Amino acid sequence: QLTGLPSRQLLIETIRQHQEETAGGKVCAALMLIDLDHFKDINDSWGHDVGDQVLFKVARAIEPMIDDTAMVARMSGDEFMLFFPYAGDDPEQGAANAMATATSIKEAVAQPIFYDGNEFILTASVGIALLSDHETSAERALQYADTAMYEAKRKGRNGIAFFNQSIADKAQRQIGLNARLRKAVDNQEFALYIQPQVDVENGRLMGGEALLRWVNADRVTNMPSEFIPLLESSGLIIDVGHWVIRTACEYIRNFIDEGIWEDHMRLGINISPRQFNDPQLIDVIEHSLRSYEINPAYLNFEVTENLMIEDVESVIKKMAEIKALGAQFSIDDFGIGYSSMIYLKRLPFDWLKIDREFIHNIHHDPESRGVVEAILAVSRQYGLHVTAEGVEDQQSLEILKTVGCDTYQGAHFSMPVSVDRFREYLAA
């Protein structure tokens, strides 16, 4: 009723009818799912009445982009579906035509929308499924387009993705992995490994970085690059993050009691953007420090530049509250962001970690060495200590000595190790 567009059910019936009429034919059809990026922000900020008017205007912007043979329907909320019964004579032509139409639709959606004196600018993520046979049901085709749309979202939104079997397989693996992750949280299948951090000049152990590992019941270790993004997207990272902070404090307490932890040492703890926005974060840190009676300066919270993208002022405020407890902060993976220098000036960091990409090439790429030297110069200007990540050989270490880097971590000294192996490093 809002947009005047056909419903989901009518779209499905149209697809079925088309498949019956063209059974045995060679024509390639296309199904396109358009999802408005961050549309919830409009409803939350301006109210659903304004949101409805914006949806109405989006519908009017999409309709001129299709011909009389195609159908545009509203699925639900901020999702629209387009069905092109004759996208091309074959999949290749169908894909080219669908891409051209999707691009035009994205451009139409991106045009400013004016309502009640306000201007709204939207982007869209588009998933496309090609129907070149008649064995795919209408419902399955919708699922394919939906899978492709989420792939476009995953790649950063405001994009276009086609469904293919590899995307489907990946989505299926992620669904299974997500279910196993939830069980892993309940079954306490996570462990903290620690990668030692070492003084560049004299080789003295300066502490380490705590790294999350997941070892399932079959003793199979899952790669962090696979499961940490899922922890983040599912929200499980909050509970797991609390556990990491408590466990890190427990380890330090044990090291102190064993007489092998020194005052100059610190343990790095990674904090993701979603963890940082957790209202309970400061309480968890305070409670852990009190429970294990450790010096807050032993904790060094590592955050990436992604944290600063949305609301720098609130980040500054929360960092200040945590630093008031006595903990330290590092900016991780420095050098790969486009505006890192701004953050160094405004945010209260103590440490900076140079991304491994520059360290890996430092001894044979003059440009990488130049970047490292520039980062060190800026760090000195702001009074920051610097850790180099990914140091793998003596040659790289010698260059870091020459340019005046403070500490390093990497395979040259040690890969991430179990807490028992790290204890041996401390006791050596």
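Computed from a prediction, not measured in an experiment: that's the story for all the values here. (Residues numbered from 1 in each chain as written. Predicted model: local features only at pLDDT ≥ 70, side-chain atom pairs only at ≥ 80, totals over all residues. Heavy atoms only, no water.)

Per the secondary structure count, the chain includes 16 helices and 16 strands. Seen through its C-alpha atoms, the chain measures out along the principal axes to roughly 80 × 55 × 50 Å. Taken over 428 residues, the chain has a buried fraction of 49%. Counting contacts in the chain only where the partners sit at least 6 residues apart, residues at least 24 apart contribute 70% of the total. Accessible surface for the chain amounts to roughly 21,000 Å². Of this, 48% is attributable to carbon and sulfur atoms. Here the chain carries 38 positive and 65 negative side-chain charges, and the mean point of each set is 3 Å from the other. (Helix = DSSP H or I, 4+ residues; strand = E, 2+ residues; numbered from the N terminus. Buried < 20%, exposed > 50% of the residue type's maximum accessible area, 1.4 Å probe, protein only. Contact = heavy atoms within 4.5 Å. Areas by Shrake-Rupley, 256 points an atom, 1.4 Å probe, with all protein chains shown as cover. Lys, Arg positive; Asp, Glu negative; His and termini not counted. Charge placed at Lys NZ, Arg CZ, Asp CG, Glu CD.)

Its location among the elements puts Arg 253 in helix H8 (residues 237–257). A polar contact of 3.2 Å, which involves the side chain of Arg 253, links it to the backbone oxygen of Tyr 292. In contact with Arg 253, not counting residues within four places along its chain, are Tyr 292, Glu 293 and Ile 294. (Polar contact = N/O pair within 3.5 Å; in protein donor to acceptor, adjacent residues only side chain to side chain.)

Turning our eyes to something else, we now look at the sheet that holds strand S2 (residues 71–76). The sheet built from 5 strands is open, its strands ordered S2-S3-S1-S6-S7 with mixed pairing. Looking along the sheet, the strands with just one partner apiece sit at the ends: S2 and strand S7 (160–162). The mean angle between the axes of side-by-side strands here comes to 25 degrees, regardless of whether they run parallel or antiparallel. Pairing analysis gives 3 bridges linking strand S6 (residues 124–131) to S7, with the strands arranged parallel. In the strand pairing of S7, Val 126 is matched with Ile 160. The strands touched by helix H5 (residues 138–154) within the sheet are strand S1 (28–36), S2, strand S3 (79–88), S6 and S7, with S6 carrying the most contacts at an inclination of about 140 degrees. (Pairing = 2+ DSSP bridges. Axes fitted to C-alpha atoms, helices over the stretch in contact; angles between N-to-C directions.)

As for its position among the elements, Gly 51 is in helix H3 (residues 48–62). Here the alpha-carbon distance between Gly 51 and His 360, two residues 309 residues apart in the chain, equals 49 Å. With near-sequence residues (within four places) excluded, Gly 51 lies in contact with Phe 39, Ile 42 and Asn 43.

This paragraph deals with the packing of helix H14 (residues 366–381) against helix H15 (residues 394–403). Running from amino to carboxyl end, H14 crosses H15 at an angle of 40 degrees, the nearest separation of the two axes being 11 Å. If you check the angle between H14 and H15, you find them oblique. For the pair H14 and H15, the sense of crossing is right-handed. Contacts from Arg 369, Val 372, Glu 373, Leu 376 and Arg 380 of H14 reach H15 at Ile 399, Leu 400, Thr 402 and Val 403. Residue composition of the contact of H14 with H15, grouped by class: 5 nonpolar, 1 polar and 3 charged. (Parallel < 35°, antiparallel > 145°, perpendicular 65-115°, else oblique. Left-handed = near helix turned anticlockwise from the far one by under 90°. Nonpolar A, V, L, I, M, F, W, Y, C, P; charged D, E, K, R; others polar.)

Here H8 crosses helix H16 (residues 419–427) at 40 degrees, and the two axes come no closer than 12 Å. The interaxial crossing formed by H8 with H16 has right-handed handedness. When H8 is examined against H16, the residues Tyr 251, Asn 254 and Phe 255 are found in contact with a partner set consisting of Val 419, Phe 422, Arg 423 and Leu 426. Along the lines of polarity and charge, the residues of the contact of H8 with H16 split into 5 nonpolar, 1 polar and 1 charged.

Another aspect to go through is the nonpolar core. With 81 residues, the main nonpolar core has Phe 301 and Leu 400 as its most contacted residues. With 10 residues, H8 is the single largest residue contributor to this core. Excluding residues that lie within four positions of it along the chain, Phe 301 makes contacts with Ile 245, Ile 269, Ile 271, Ile 285, Ile 322, Ala 327, Gln 328, Phe 329 and Ser 330. Grouped together as the second largest cluster of nonpolar side chains are 30 residues, Met 32, Ile 42, Val 58 and Phe 120 included. (Core = buried A, V, L, I, M, F, W, Y, C linked by side-chain atoms within 4.5 Å.)

Let us look at the packing of aromatic side chains. A full pass over the atoms with the stated rule returns 11 aromatic pairs. Judged by centre distance (5.9 Å) and plane angle (55 degrees), the ring pair of Phe 255 and Phe 422 falls under tilted. Within this pair, whereas Phe 255 is found in helix H8, its partner Phe 422 is found in helix H16, the two being separated by 167 residues in sequence. An identical accessibility class is assigned to Phe 255 and Phe 422; each is buried. A cation over an aromatic ring shows up here: Arg 266 above the ring of Trp 351, its NZ or CZ 3.6 Å from the ring centre. Directly above the aromatic system of Tyr 425 lies the positively charged group of Arg 421, at a separation of 4.2 Å from the ring centroid. (Phe/Tyr/Trp six-rings, centres within 6.5 Å; stacked < 30°, edge-to-face > 60°. Lys NZ or Arg CZ within 6 Å of the ring centre and 35° of its normal.)

A word on H3. With 15 residues, H3 extends 21 Å between its outermost C-alpha atoms, agreeing within 8% with the 21 Å of an ideal straight helix rising 1.5 Å per residue. Among the residues of H3, those classed as buried are Val 50, Gly 51, Val 54, Leu 55, Val 58, Ala 59 and Ile 62. (Expected span 1.5 Å × (residues − 1).)

A separate point is H16. Since the α-helix advances by 3.6 residues per turn, residues separated by three or four positions end up pointing in the same direction. For H16, the complete set of buried residues consists of Val 419, Phe 422, Tyr 425 and Leu 426. Looking straight down H16, one finds its buried side chains confined to an arc of 105 degrees; they lie on one side. Contacts made by the buried residues of H16 are with strand S8 (190–199), strand S9 (205–215) and H8. (Arc of directions from axis to C-beta.)

Attention now moves to the side chain of Asp 332. With respect to the element layout, Asp 332 can be found in strand S13 (residues 328–334). Lys 353 provides the closest opposite charge to the buried, unpaired Asp 332, separated from it by 4.3 Å. Filtering out sequence-adjacent residues up to four positions away, Asp 332 remains in contact with Asn 270, Glu 302, Val 303, Thr 304, Lys 353 and Glu 389. (Salt bridge = Lys/Arg side-chain N within 4 Å of Asp/Glu carboxyl O.)

Take the pairing of S1 next. Counting buried residues along S1, 9 of its 9 residues qualify, which places the element largely inside the surrounding structure. Burial along S1 is two-sided: the residues Cys 28, Ala 30, Met 32, Ile 34 and Leu 36 and Ala 29, Leu 31, Leu 33 and Asp 35 are all buried. Sheet topology places S1 next to S3; 7 bridges connect them, and they run antiparallel. The partner of Asp 35 across the bridge, within S3, is Glu 79. Relative to S6, S1 runs antiparallel, the two being bridged by 8 bridges. Pairing of Leu 33 across the sheet is with Gly 127, part of S6.

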